[in-house]
Amino acid sequence: MRQMDRYPFIFAIVLFLLAWMLGLPVRAQSAPLGDIHCTLIQDQQSGATLYQDGVCDQRVSPASTFKVPLALIGYDAGILGDQHTPSWDYKPEFKAAKRDQKTVDPTIWERDSIVWYSREITRRLGAEKFAGYVSKFGYGNKDVSGDAGKDNGLTQSWINSSLEISPVEQTAFLRQLLAGKMPVSTKAHEMTRAILPTFAAGDWTVQGKTGSTRLGQDGKRSLGWFVGWAEKDGRRIVFARLVVDAKRTGEPKGLATRAAFLKDLPDVIK
């Protein structure tokens with residue numbers, strides 16, 4: 001009888017393992033290393049979705065789009081002063097690409113997407129305050145721990161690491177930024193909006209930030225973001241475009257994603 005009593009328990013374990021194994025393809029399909037294509041456009045005031053194409057609720061690395069919340073943090077904490085202050089000189093220990101080995105201010109930082117400048121902001125902020133800001137912003141998964149066992153969250157968490165955000169969360173964040181409702185100073189809101197690069201898309205005036213990185217340890221999937229807002233005739237929209245795939249381009253994928261979005265916008269939203 002004792003052996004027979006064990007059968008329901010063993011049967012339950014077998015069923016659990018079978019269900020777990022059958023669930024593997026579902027998880028693999030929705031994993032960050034799969035192909036993702038999303039374009040999401042919303043009305044800035046109401047949040048109404050004006051256009052959506054693709055999967056827009058999957059979280060991935062924010063890459064350099066994180067420079068938008070980081071600007072809010074930098075200005076609120078007093079590390080950044082205005083559009084051109086502080087101006088920091090490049091140092092060899094930053095180990096940056098040759099194109100980034102120059103003097104950088106907040107406007108150049110956003111325009112040219114300078115990683116070492118971001119890292120200098122977070123170093124001056126410190127790990128505790130950095131994590132506190134990201135948490136109270138409710139930014140994506142809020143995980144700034146960095147790579148497991150490397151203690152690099154302060155300088156790496158937003159680049160193919162622990163911090164992740166979805167296009168849906170990106171547009172929600174942007175709506176709060178434009179409404180002046182982030183938990184930072186009025187100056188931080190104003191300065192962040194002022195330093196984001198400006199582009200034209202037909203009759204639309206667009207401000208936004210790109211992001212590019214390679215995902216996973218093998219780097220086979222490349223990521224391209226373009227997020228921001230656009231205005232025309234007193235109307236304002238927020239948007240997020242995300243592309244993750246194995247296609248190689250001759251330039252960072254964020255730049256190609258931005259170019260494609262600027263070309264598409266006038267036809268997508270009249």
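Residues numbered from 1 in each chain as written. Predicted model: local features only at pLDDT ≥ 70, side-chain atom pairs only at ≥ 80, totals over all residues. Heavy atoms only, no water.

**A look at the side chain of Lys232**
One can find Lys232 in strand S5 (residues 221-232). For the buried Lys232, which has no salt bridge, the nearest side chain bearing the opposite charge is Asp233, at an N-O separation of 5.1 Å. Contact partners of Lys232, with chain neighbours within four places excluded, come to Asp203, Trp204, Ile269 and Lys270. (Helix = DSSP H or I, 4+ residues; strand = E, 2+ residues; numbered from the N terminus. Buried < 20%, exposed > 50% of the residue type's maximum accessible area, 1.4 Å probe, protein only. Lys, Arg positive; Asp, Glu negative; His and termini not counted. Salt bridge = Lys/Arg side-chain N within 4 Å of Asp/Glu carboxyl O. Contact = heavy atoms within 4.5 Å.)

**With respect to helix H2 (residues 67-76)**
H2 sits mainly inside the fold: nine of its 10 residues count as buried. The complete set of buried residues in H2 reads Lys67, Val68, Pro69, Leu70, Ala71, Leu72, Ile73, Gly74 and Tyr75. Next to the buried residues of H2 lie helix H3 (106-112), helix H4 (115-125), helix H5 (127-137), helix H7 (167-178), helix H8 (186-195) and strand S4 (204-215).

**Overview of the state of the cysteines**
Using the criterion set out here, one finds one disulfide in the structure. A sulfur-sulfur distance of 2.1 Å marks the disulfide that ties Cys38 to Cys56. In this structure the cystine formed by Cys38 and Cys56 twists about its S-S bond by roughly 105 degrees; its chirality is therefore right-handed. Residue Cys38 is found in strand S1 (residues 36-43), and its partner Cys56 is found in the loop between strand S2 (49-54) and H2; the two are separated by 18 residues along the sequence. The class for Cys38 is buried, based on a relative accessible area of 2%. Classification of Cys56 by relative accessible area gives buried; the value is 3%. (Disulfide = S-S within 2.5 Å.)

**Quick word on the confidence of the model for the protein chain**
Considering every residue of the protein chain, the mean pLDDT works out to 90; 88% of them sit at 70 or more. Considering only residues more than four positions removed or in separate chains, one finds that residues 1-32, a stretch of pLDDT under 50, has nine contacts. (pLDDT = per-residue confidence, 0-100.)

**Comments concerning the sheet that holds S5**
Spatially, the six strands line up as an open sheet ordered S2-S1-S6-S5-S4-S3, and their pairing is antiparallel. Each of the sheet's edge strands pairs with one partner strand only, and the pair in question is S2 and strand S3 (198-201). Put simply, the sheet's adjacent strands are angled 20 degrees from each other on average, direction ignored. Pairing of S1 with S2 involves five bridges; the strand directions are antiparallel. Within S2, the residue paired with Gln42 across the bridge is Thr49. Here H7 sits on the sheet in contact with S1, S5 and strand S6 (235-245), set at roughly 150 degrees to S6. (Pairing = 2+ DSSP bridges. Axes fitted to C-alpha atoms, helices over the stretch in contact; angles between N-to-C directions.)

**Regarding the nonpolar core**
The biggest cluster of nonpolar side chains holds 55 residues, and the ones touching the most others in it are Trp109, Tyr117 and Phe137. No other element matches H2, which puts six residues into this core. If sequence neighbours within four positions are ignored, Phe137 has contacts with Pro69, Leu72, Ile73, Phe173, Met182, Pro183 and Val184. If you look at the next biggest cluster of nonpolar residues, it comprises 13 residues, including Trp204, Val206, Ile237 and Leu265. (Core = buried A, V, L, I, M, F, W, Y, C linked by side-chain atoms within 4.5 Å.)

**What to know about the packing of H2 against H4**
Relative orientation of the contacting elements H2 and H4 amounts to 40 degrees, with a least axis distance of 11 Å. By the criterion of interaxial angle, the relationship of H2 to H4 is oblique. Pair H2 / H4 crosses with left-handed handedness. Within the contact between the two elements, H2 uses Lys67, Leu70, Ile73 and Gly74 and H4 uses Val115, Ser118, Ile121, Thr122 and Leu125. (Parallel < 35°, antiparallel > 145°, perpendicular 65-115°, else oblique. Left-handed = near helix turned anticlockwise from the far one by under 90°.)

**Some details on the pairing of S5**
In terms of burial, S5 is largely enclosed, as 10 of its 12 residues are buried. Pairing of S4 with S5 involves 11 bridges; the strand directions are antiparallel. Residue pairing for S5: Thr213 is matched across the bridge by Leu223. A loop of five residues connects S4 with S5, the two strands running antiparallel in sequence, and Gly216 in this loop sits at a positive phi of about 80 degrees.

**A closer look at the packing of H2 against H8**
The N-to-C vectors of H2 and H8 enclose an angle of 135 degrees; their axes lie 8 Å apart at closest approach. Classified by the interaxial angle, the pair formed by H2 and H8 is oblique. Two packed elements cross with a definite hand, and for H2 against H8 that hand is right-handed. Here Val68, Ala71, Leu72, Tyr75 and Asp76 of H2 come into contact with H8, specifically with Ala188, His189, Met191, Thr192 and Ile195. Tallied by class, residues from the contact of H2 with H8 come to seven nonpolar, two polar and one charged. (Nonpolar A, V, L, I, M, F, W, Y, C, P; charged D, E, K, R; others polar.)

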